[in-house]
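Architecture at a glance
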Amino acid sequence: MAKDFETINSQRAPKPVGLYPHARKVGEFLFLSGVGPRAAETGEIPGVVLDKNGEVASYDFESQCHSVFKNVRAILEDGGSGWNKLVDVTVFLTDMKKDFSTYNRIYSEYFRENQPCRTTVEVTRLPTPIAIELKCIATI
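It should be emphasised that the depicted structure is a prediction, and the values quoted were computed from it without experimental measurement. Think of each chain on its own: its residues are numbered from 1, step by step along the sequence as written. Where local features are concerned, this predicted model is filtered to residues with pLDDT of at least 70; where side-chain atom pairs are given and counted, the filter is 80 or more; whole-chain, interface and lining totals use all residues. Side-chain calculation: all heavy atoms of the structure are included, whereas hydrogens and water are not.

1. Description of the layout of surface pockets
As defined here, a cavity is a set of points on a 1 Å grid over the protein atoms alone where a 1.4 Å probe fits but cannot get out. A pocket is an open set with protein on both sides within 12 Å along at least five of seven lines, and residues line them when an atom is within 4 Å of a point. Grid points are joined across faces, edges and corners, and a volume is the space filled by probe spheres set on the points. Of the volumes computed, that of the largest pocket is approximately 270 Å³. In the lining of the largest pocket, the residues fall into seven nonpolar, four polar and three charged. In terms of lining, the second largest pocket is formed by 18 residues, of which the most central are Tyr20, Gly34, Val35, Gly36 and Arg38. Residues were grouped as follows: Ala, Val, Leu, Ile, Met, Phe, Trp, Tyr, Cys and Pro as nonpolar; Asp, Glu, Lys and Arg as charged; and all remaining residues, including Gly, as polar. Here the residues of the lining of the second largest pocket sort into ten nonpolar, five polar and three charged.

And the structure:
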């Protein structure tokens, strides 16, 4: 039986933290797994300071936003899509009250031309000490 999908893994995005691909190409769509702001080269999270117990003491949310958008763009391009082909973005924030207005401001800079559907959800925690994660769908 032929595969109905293609698995995409980008060398320009951070390695997944579990057993899953960066994306899957299905028909004319590209479905991205959750993408965080870790740096592809080092795995480090921009602007995060951890305390002695490994908990987040402080973080630079703005640098995490720029980094997560960079990672999403790399996966899109390596999957045969592009930024302007995004049709749906789900955003997970760990502190809606503190970070939502900053996210909205930065988001509007990146999505001035293309305005995909968007859902923003606050979560208690993400799998690594990050403050933001995106889940995206794009056309090819």
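2. Looking at helix α2 (residues 96-110)
End to end, α2 covers 20 Å across 15 residues, agreeing with the expected 21 Å (1.5 Å per residue, within 8%). Along α2, the residues classified as buried are Asp99, Thr102, Tyr103, Ile106 and Tyr107. Helix and strand definitions follow DSSP, with helices as H or I runs of at least four residues and strands as E runs of at least two, each counted in order from the N terminus. By definition here, a helix of n residues has an expected span of 1.5 Å times n minus one. For every residue, the accessible area obtained with a 1.4 Å probe (protein chains only) is divided by the maximum for its type, and the residue is called buried under 20%, exposed over 50%, and partly exposed between those limits.

3. Observations concerning the packing of aromatic side chains
Ring geometry is summarised as follows: Phe, Tyr and Trp rings, the Trp one being its six-membered ring, pair when their centres sit within 6.5 Å, and such pairs are stacked at plane angles under 30 degrees, edge-to-face over 60 and tilted between the two. Inspection of the entire model under this criterion finds eleven aromatic pairs. Both rings, one in Phe69 and one in Trp83, keep their centres 5.6 Å apart while their planes meet at 80°; by these two values the pair is edge-to-face. With Phe69 in helix α1 (residues 61-78) and Trp83 in the loop between α1 and β6 (86-93), the pair connects residues that are 14 residues apart, well separated along the chain. Since its relative accessible area comes to 7%, Trp83 is described here as buried. Seen from their ring centres, Trp83 and Tyr110 are 5.9 Å apart, and the 55° between their planes marks the pair as tilted.

4. Examining the side chain of Ser10
Looking at where Ser10 falls in the secondary structure, it is placed in the loop between β1 (5-8) and β2 (23-26). Polar contact is defined as a pair of N or O atoms within 3.5 Å, subject to the rule that within protein one atom must be able to donate a hydrogen and the other to accept it, and that residues adjacent in sequence are counted only when both atoms are side-chain atoms. A polar contact of 3.0 Å, which involves the side chain of Ser10, links it to the backbone nitrogen of Arg12. Here Ala13 takes part through its backbone nitrogen, which lies 3.5 Å from a polar atom of the side chain of Ser10. Note on contacts: a residue pair qualifies if any of its non-hydrogen atoms lie within 4.5 Å across the two residues. Those residues in contact with Ser10 that sit more than four places away from it in its chain are His22, Ala74, Ile75 and Asp78.

5. Notes on the packing of α1 against α2
The contact between α1 and α2 brings their axes to 10 Å, and the two run at 40°. The angle between the axes of α1 and α2 places the two elements in the oblique class. The element α1 and its partner α2 pack so that their crossing is right-handed. Residues Phe61, Glu62, Cys65, His66, Phe69 and Arg73 of α1 lie in contact with α2, whose contacting residues are Asp99, Thr102, Tyr103, Arg105, Ile106, Tyr107, Glu109 and Tyr110. Its residues assigned to classes, the contact of α1 with α2 shows seven nonpolar, two polar and five charged. The convention used is that axes are lines fitted to C-alpha atoms, helices contributing only their stretch in contact, and that angles between N-to-C directions extend from 0 to 180 degrees. We call two directions roughly parallel when the angle between them is under 35 degrees, roughly antiparallel when it is over 145, roughly perpendicular when it lies between 65 and 115, and oblique otherwise. The handedness criterion is simple: a crossing whose near helix is rotated anticlockwise from the far helix by less than a right angle is left-handed, and one whose near helix is rotated clockwise is right-handed.

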